[in-house]
Amino acid sequence: MKIKSLFTKAFWLGLVCISLVAVTIFRLTPSFAVSTTTTPTAQLSTTSTIIAQYNSDSERSGERTLYQRLGGYNAIAAVIDDTAQNVINDPLIGRYFVGLSTNSGQRLRQFLIDQFCQAAGGPCIYTGRTMKLSHSGMGGGLTNSEFDAFANGVALALDKNGVKQRAKNEVLAFVESLRSQIVER
């Protein structure tokens, strides 16, 4: 009797796991990737949409996606880690990260990896808040100079990791596409 009950529970648990995997696979379509980071109206033509379209065209033509050209997940994670060091050490924006707990820092790191991975056409899904919501009210509102400092931190990290100019330009175009959602003053 216990074996039959255990088998039934294992069967249902397996079915639930298979269902979750199926849902995850269907969420990896480019239209889903774009819809989680953009607003329904004004942001439909952002660079992330252009990158997603480019990646779709690249796959059809046999050309490697931005995600692949960057070196995949681990390479993107390395760029994010180096970006974090650049940003934390930047005198203009480093102050925003003072007092961040270890857990909060790890969570922010994962959100950034997922966001950049998804924008590059990788298998990640960004589940964080919108850029506007995430950055609203920080220090009275973020400035263009502060945004430029972040973008510069990304550029330096891309250089440090040997990212080729074409891929670097595409990543920086994605970063730039977020400016209007982040800068408040």
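By the naming in an unreviewed UniProt entry, the chain is Group 1 truncated hemoglobin, taken from Scytonema hofmannii FACHB-248.

K.L.:
Report on the packing of helix H6 (residues 102-119) against helix H9 (residues 165-177), specifying residues and quantitative values.
P.N.:
Between H6 and H9, the least distance of the axes is 11 Å, while the angle of their chain directions is 115°. Seen along the crossing, H6 lies across H9 with a hand that is right-handed. Facing H6, whose interface residues are Gln115, Phe116 and Ala119, H9 presents Val171, Phe174 and Val175. Each residue belonging to the contact of H6 with H9 can be placed in one class, and the counts come to 5 nonpolar, 1 polar and no charged.

K.L.:
Run through the side chain of Glu146, naming residues and quoting values.
P.N.:
Residue placement: Glu146 occurs in helix H8 (residues 144-160). Within the local environment of Glu146, its side chain forms a polar contact with the side chain of Tyr96, the two groups lying 2.8 Å apart. If we skip the residues at most four places from it in the chain, Glu146 touches Leu92, Ile93, Arg95, Tyr96 and Gly141.

K.L.:
A description of H6 should follow, citing residues and the corresponding values.
P.N.:
The α-helix winds at 3.6 residues per turn, so residues separated by three or four positions along the chain end up facing the same way. In this model H6 runs 26 Å from its N-terminal to its C-terminal C-alpha over 18 residues, within 8% of the 26 Å that 1.5 Å per residue would give. Residues of H6 that are buried: Ile113, Asp114, Gln115, Phe116, Cys117, Gln118 and Ala119. Where H6 terminates, the next one or two residues include Gly121, which has phi positive at roughly 90°.

K.L.:
Tell me what's going on with the environment of Leu172, and back it up with residues and numbers.
P.N.:
Mapping Leu172 onto the fold places it in helix H9. When the C-alpha positions of Leu172 and Leu158 are compared, they lie 9.4 Å apart, and in sequence the two are 14 residues distant. Setting aside its immediate chain neighbours within four residues, Leu172 contacts Ala151, Val154, Ala155 and Leu158.

K.L.:
Outline the state of the cysteines, supporting the account with residue identities and numerical values.
P.N.:
In total, this model carries 1 disulfide according to the counting rule given. The partner cysteine of Cys117 in its disulfide is Cys124, sulfur to sulfur 2.3 Å. Judged by the torsion about the S-S bond (75°), the Cys117/Cys124 disulfide is right-handed. Accessibility assignment for this pair places Cys117 and Cys124 in one class, buried.

K.L.:
Tell me about the nonpolar core, residues and numbers included.
P.N.:
Core analysis: the largest hydrophobic core is formed by 33 residues, its most contacted members being Leu70, Ile76, Phe116 and Val171. Secondary-structure elements contributing two or more residues to this core are helix H4 (66-70), helix H5 (73-88), H6, H8 and H9. The element best represented in this core is H8, accounting for 6 residues. Those residues in contact with Val171 that lie beyond four places of it in its chain are Leu66, Leu70, Phe116, Val154 and Leu158.

K.L.:
Describe in detail the confidence of the model for the chain, supporting the description with residues and values.
P.N.:
Per-residue confidence for the chain gives a mean pLDDT of 75, with 66% of residues at or over 70. Contacts from residues 3-8, a stretch scored under 50 in pLDDT, to residues over four places away or in other chains number 0 contacts. A low-confidence stretch, residues 10-55 stays under pLDDT 50, and its non-local contacts, those more than four residues away or across chains, total 46 contacts.

About the cut-offs
Residues numbered from 1 in each chain as written. Predicted model: local features only at pLDDT ≥ 70, side-chain atom pairs only at ≥ 80, totals over all residues. Heavy atoms only, no water. Axes fitted to C-alpha atoms, helices over the stretch in contact; angles between N-to-C directions. Helix = DSSP H or I, 4+ residues; strand = E, 2+ residues; numbered from the N terminus. Left-handed = near helix turned anticlockwise from the far one by under 90°. Contact = heavy atoms within 4.5 Å. Nonpolar A, V, L, I, M, F, W, Y, C, P; charged D, E, K, R; others polar. Polar contact = N/O pair within 3.5 Å; in protein donor to acceptor, adjacent residues only side chain to side chain. Expected span 1.5 Å × (residues − 1). Buried < 20%, exposed > 50% of the residue type's maximum accessible area, 1.4 Å probe, protein only. Disulfide = S-S within 2.5 Å. Core = buried A, V, L, I, M, F, W, Y, C linked by side-chain atoms within 4.5 Å. pLDDT = per-residue confidence, 0-100.

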